[in-house]
Amino acid sequence: MRFDFDTAIIGGGSGGYSAARTAASAGLKTVVIEGGEEVGGLCILRGCMPTKALLYAAEVKHLAEHAETWGVRAGKVSFDFARVMARKNAQIKDFADFRAQQLTGGKFKFIRANARFLDAHTVESSNGKKLTAKHFIIATGSRVAPSPLPQLDELGYLTSDDAIALKKLPKSLIILGGGAIACEFAQFFARFGVKVTLIQRGKHLLKEFDADAGTEIEKVFRREGIQVFTNTKLVAAKRTGKLKTISFTQNKKAIVVAAEEILFALGRVPNTAALGLENAGVKTENDRIIANEKMQTSAPHIFAAGDCTGPHEIVHVAVTQGEIAAHNIAQPKSPRKINHRLLIAIVFTDPQVATVGLTEKAASLRKTPFLAASYPFNDHGKSLIIEAKDGFVKLLANPKTGEILGGACIGPVGGELIHEIVAAMARRMTVQELAALPHYHPTLAEIWTYPAEELAEKIIGR
């Protein structure tokens with residue numbers, strides 16, 4: 001059978017673009033089909049980049065308000081929210097424009113339309129045209145998850161997409177959720193003067209991390225005036241006068257909170273419902289495309305990358321998955337596999353929460369033997385100087401060899417500091433080697449040597 005293209009990629013975000021670039025560079029006749037209202041993908045348009053721009057603005061304001069700590073008189077700190085959002089919008093436009101140039105100027109065809117499978121090798125686009133391909137890569141990303149309460153839909157609420165496009169700040173806000181999105185927005189809004197209430201279903205915030213990380217963030221949030229409820233179950237949502245109210249239980253106790261607005265931040269779901277995957281023989285589980293380590297789906301000629309397949313909704317993982325999928329189409333005799341040994345996760349709160357490799361929770365679930373040691377920032381020279389005393393670093397090591405199995409940094413610029421452990425794990429370094437690695441004093445990075453030394457002594461003594 002003759003096909004219009006060697007490879008058709010559905011989705012032009014980070015995973016889709018990396019797949020297209022890789023496929024085209026390998027000499028495959030490639031097309032990218034992107035149906036979103038805007039071009040750029042979640043990371044650029046509504047995820048990583050806009051939220052971090054807003055969070056940094058909040059951090060600058062927070063530092064200015066506490067300048068007296070260092071003997072600096074900043075006076076009464078005020079802000080112009082319209083200018084905060086305008087700067088963010090300008091930056092996102094630059095990023096999105098560059099991605100659009102990459103897609104329109106790439107060595108592949110770019111079609112602006114939605115696509116739906118008619119059969120295993122044919123898709124029909126929303127412009128009414130059909131095309132065929134020998135292989136497909138699905139990279140359609142994710143969308144905001146539906147709300148758990150019908151009353152919430154009737155009442156109305158903000159999503160994370162809405163939150164980054166606000167023209168005016170609400171006076172008070174209830175945030176439903178306790179993951180990365182919820183926590184980042186909670187601190188952003190609170191630092192800009194919004195009265196924030198955070199309601200989390202689980203026992204701790206940031207349940208994907210070890211409990212000590214969530215506990216540290218909860219402590220900071222409460223200190224900054226954020227009302228935090230954990231271990232809850234939502235019951236109802238309704239309007240009371242000019243306010244919106246959420247009813248929930250906590251340890252069997254009924255609680256009602258009210259605010260001007262509600263932010264729904266209970267996660268995202270794979271954006272696959274409209275693709276007609278059943279027509280192509282692609283199996284899913286709760287809308288998530290099932291793919292193997294080669295990024296191959298149940299239909300051997302169809303691959304997937306990014307949030308639509310997961311299991312980790314992280315942009316650099318999506319990029320790697322897209323590259324692997326395209327490589328395996330172009331070079332089936334020398335396939336590559338995804339490897340999550342160096343999985344990095346970062347939450348850009350203050351303090352930041354960052355991990356690489358195994359957490360204690362993950363190691364215990366896998367029954368992987370480990371030794372762990374941690375060291376607090378409130379006993380570290382450079383962090384005391386910059387008044388960044390919240391949090392700690394933690395290392396996990398193989399009890400026999402000392403090889404570093406994972407690291408966590410809950411502290412100042414944790415998202416930057418974690419990359420020292422990424423590099424160490426990439427070279428399969430031991431804690432003995434890390435402890436012996438020169439670190440300049442006083443720096444934040446030298447804090448890693450303390451848990452490394454503690455673990456090295458334990459392992460050598462065995």
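Cut-offs applied
Residues numbered from 1 in each chain as written. Predicted model: local features only at pLDDT ≥ 70, side-chain atom pairs only at ≥ 80, totals over all residues. Heavy atoms only, no water. Helix = DSSP H or I, 4+ residues; strand = E, 2+ residues; numbered from the N terminus. Rg over C-alpha atoms; globule rule 2.2 N^0.38 Å. Buried < 20%, exposed > 50% of the residue type's maximum accessible area, 1.4 Å probe, protein only. Contact = heavy atoms within 4.5 Å. Areas by Shrake-Rupley, 256 points an atom, 1.4 Å probe, with all protein chains shown as cover. Lys, Arg positive; Asp, Glu negative; His and termini not counted. Charge placed at Lys NZ, Arg CZ, Asp CG, Glu CD. Patch = residues over 30% accessible without salt bridge, like charges linked within 9 Å, V, L, I, M, F, W, Y side chains within 5 Å. Salt bridge = Lys/Arg side-chain N within 4 Å of Asp/Glu carboxyl O. Phe/Tyr/Trp six-rings, centres within 6.5 Å; stacked < 30°, edge-to-face > 60°. Lys NZ or Arg CZ within 6 Å of the ring centre and 35° of its normal. Polar contact = N/O pair within 3.5 Å; in protein donor to acceptor, adjacent residues only side chain to side chain. Pairing = 2+ DSSP bridges. Axes fitted to C-alpha atoms, helices over the stretch in contact; angles between N-to-C directions. Core = buried A, V, L, I, M, F, W, Y, C linked by side-chain atoms within 4.5 Å. Expected span 1.5 Å × (residues − 1).

**Q** Any chance you could explain the overall build of the chain here in plain terms?
**A** Looking only at helices and strands, the chain has 14 helices and 23 strands in total. Against the 2.2 N^0.38 benchmark of 23 Å for 462 residues, the chain shows a C-alpha radius of gyration of 24 Å, consistent with a compact globule. The burial tally for the chain puts 51% of its 462 residues in the buried class. Of the contacts made within the chain by residues no fewer than 6 positions apart, 64% connect residues no fewer than 24 positions apart. Carbon and sulfur atoms make up 52% of the accessible area of the chain, which amounts to about 22100 Å² in all. The average position of the 58 basic charges and that of the 46 acidic charges among the side chains of the chain differ by 4 Å.

**Q** What's the story with a nonpolar patch on the surface in this structure? I'm lost.
**A** Taken together, the side chains of Leu 63, Trp 70 and Val 72 make up a nonpolar region of the molecular surface, amounting to roughly 280 Å² of accessible area. Its place among the elements puts Leu 63 in helix α3 (residues 48-65). Judged by its relative accessible area of 43%, Leu 63 falls in the partly exposed class.

**Q** Please clarify how the packing of aromatic side chains should be interpreted in this entry.
**A** The description of two aromatic rings rests on the distance between their centres and on the angle between their planes. According to the stated counting rule, one finds 10 aromatic pairs in the structure shown. Ring centres of Phe 188 and Phe 189 lie 5.0 Å apart, and the angle between their planes is 65 degrees; this geometry places the pair in the edge-to-face category. Like Phe 189, Phe 188 is buried. Taken together, the aromatic side chains of Phe 79, Phe 81, Phe 185, Phe 188, Phe 189 and Phe 192 make up a single cluster linked through ring pairs. The ring of Phe 192 carries Lys 61 above its face, with NZ or CZ at 5.8 Å from the centroid.

**Q** Just to check I follow, could you spell out the side chain of Thr 272 for this structure?
**A** Position of Thr 272 relative to the elements: it lies in the loop between β15 (268-270) and β16 (284-285). Of the polar contacts made by the side chain of Thr 272, one reaches the backbone oxygen of Asp 287; its length is 2.6 Å. If we skip the residues at most four places from it in the chain, Thr 272 touches Thr 140, Leu 277, Asp 287, Ile 289 and Cys 308.

**Q** Can you walk me through the sheet that holds strand β23 (residues 404-411) in this structure?
**A** Pairing between sheet strands relies on hydrogen bonds along the backbone, with the strands arranged either parallel or antiparallel. The 5 strands lie next to each other as β19-β20-β23-β22-β21, forming an open sheet whose pairing is antiparallel. In the strand order of this sheet, the two ends are held by β19 (344-347) and β21 (371-376), each with one partner. Geometrically, the sheet is characterised by an average inter-axis angle of 10 degrees between neighbouring strands, direction not taken into account. Looking at chain direction, strand β20 (residues 352-357) and β23 are connected through 6 bridges and run antiparallel. For Val 356, the partnering residue across the bridge sits in β23 and is Gly 407. Relative to β21, helix α14 (residues 449-460) is tilted by about 150 degrees, and along the sheet it contacts β21 and β22 (392-397).

**Q** Teacher, can you tell me more about the sheet that holds strand β13 (residues 253-259) here?
**A** Pairing is antiparallel in the open sheet, where 3 strands are placed in the order β11-β12-β13. Each edge of the open sheet is held by one strand with a lone partner, namely β11 (232-240) and β13. Each adjacent strand pair in this sheet contributes to an overall mean axis angle of 20 degrees, direction not counted. The pairing of β11 with strand β12 (residues 243-250) spans 8 bridges and is antiparallel.

**Q** Even after reading the chapter, I still don't get the environment of Ile 421, so can you show me in this structure?
**A** Note on placement: Ile 421 falls in helix α12 (residues 414-426). The contacts of Ile 421, once residues within four sequence positions are left out, are Val 356, Leu 395, Ile 404, Gly 407, Leu 434 and Trp 448.

**Q** How do you make sense of unusual backbone geometry when you look at a structure like this?
**A** Negative phi characterises most residues that are not glycine, and trans characterises most peptide bonds. Between Gly 310 and Pro 311 the backbone carries a cis peptide bond, its omega angle lying at 5 degrees. Its location among the elements puts Pro 311 in the loop between β18 (302-304) and α9 (315-330). At Asp 287, a position not held by glycine, the phi torsion is positive, near 75 degrees. The residue Asp 287 is located in the loop between β16 and β17 (288-289) in this model. The class for Asp 287 is partly exposed, based on a relative accessible area of 31%. Positive phi, normally seen in glycine, also occurs at Glu 387, with a value near 60 degrees.

**Q** Help me understand the nonpolar core in this model?
**A** Among soluble globular proteins, nonpolar side chains are generally buried collectively. Ile 175, Phe 188, Phe 189, Phe 221 and Leu 263 are the most contacted members of the largest nonpolar core, which totals 39 residues. Put simply, the parts of the chain that give this core at least two residues each are α3, α4 (81-104), β8 (172-176), α7 (180-191), β9 (195-199), α8 (211-223) and β23. Considering each element in turn, this core owes the most residues, 7 residues, to α7. Leave out the neighbours within four places in its chain, and Phe 188 touches Leu 54, Leu 55, Ala 58 and Phe 81. Judged by nonpolar contacts, the second largest core, of 28 residues, contains Ala 397, Ile 404, Ile 418 and Ile 421.

**Q** Whenever I open this one, the pairing of β20 confuses me. Can you help?
**A** Remark: a regular strand shows side chains that alternate across the two faces of the sheet. β20 sits mainly inside the fold: 5 of its 6 residues count as buried. Examined bridge by bridge, β19 and β20 share 4 bridges and lie antiparallel to one another. By the bridge assignment, Ile 344 is partnered in β20 with Val 356.

**Q** Explain α9 to me, please; I cannot follow it from the model alone.
**A** Count 3.6 residues to each turn of an α-helix, and residues three or four apart come out pointing the same way. With 16 residues, α9 should cover 22 Å at 1.5 Å per step; its first-to-last C-alpha distance of 23 Å lies within 8% of that length. Those residues of α9 that fall on the buried side of the exposure criterion are Val 317, Ala 318, Gln 321, Gly 322, Ile 324, Ala 325, Ala 326, His 327, Asn 328 and Ile 329. In this structure, the buried side of α9 is in contact with β1 (5-10), α1 (14-25), β6 (130-138) and β18.

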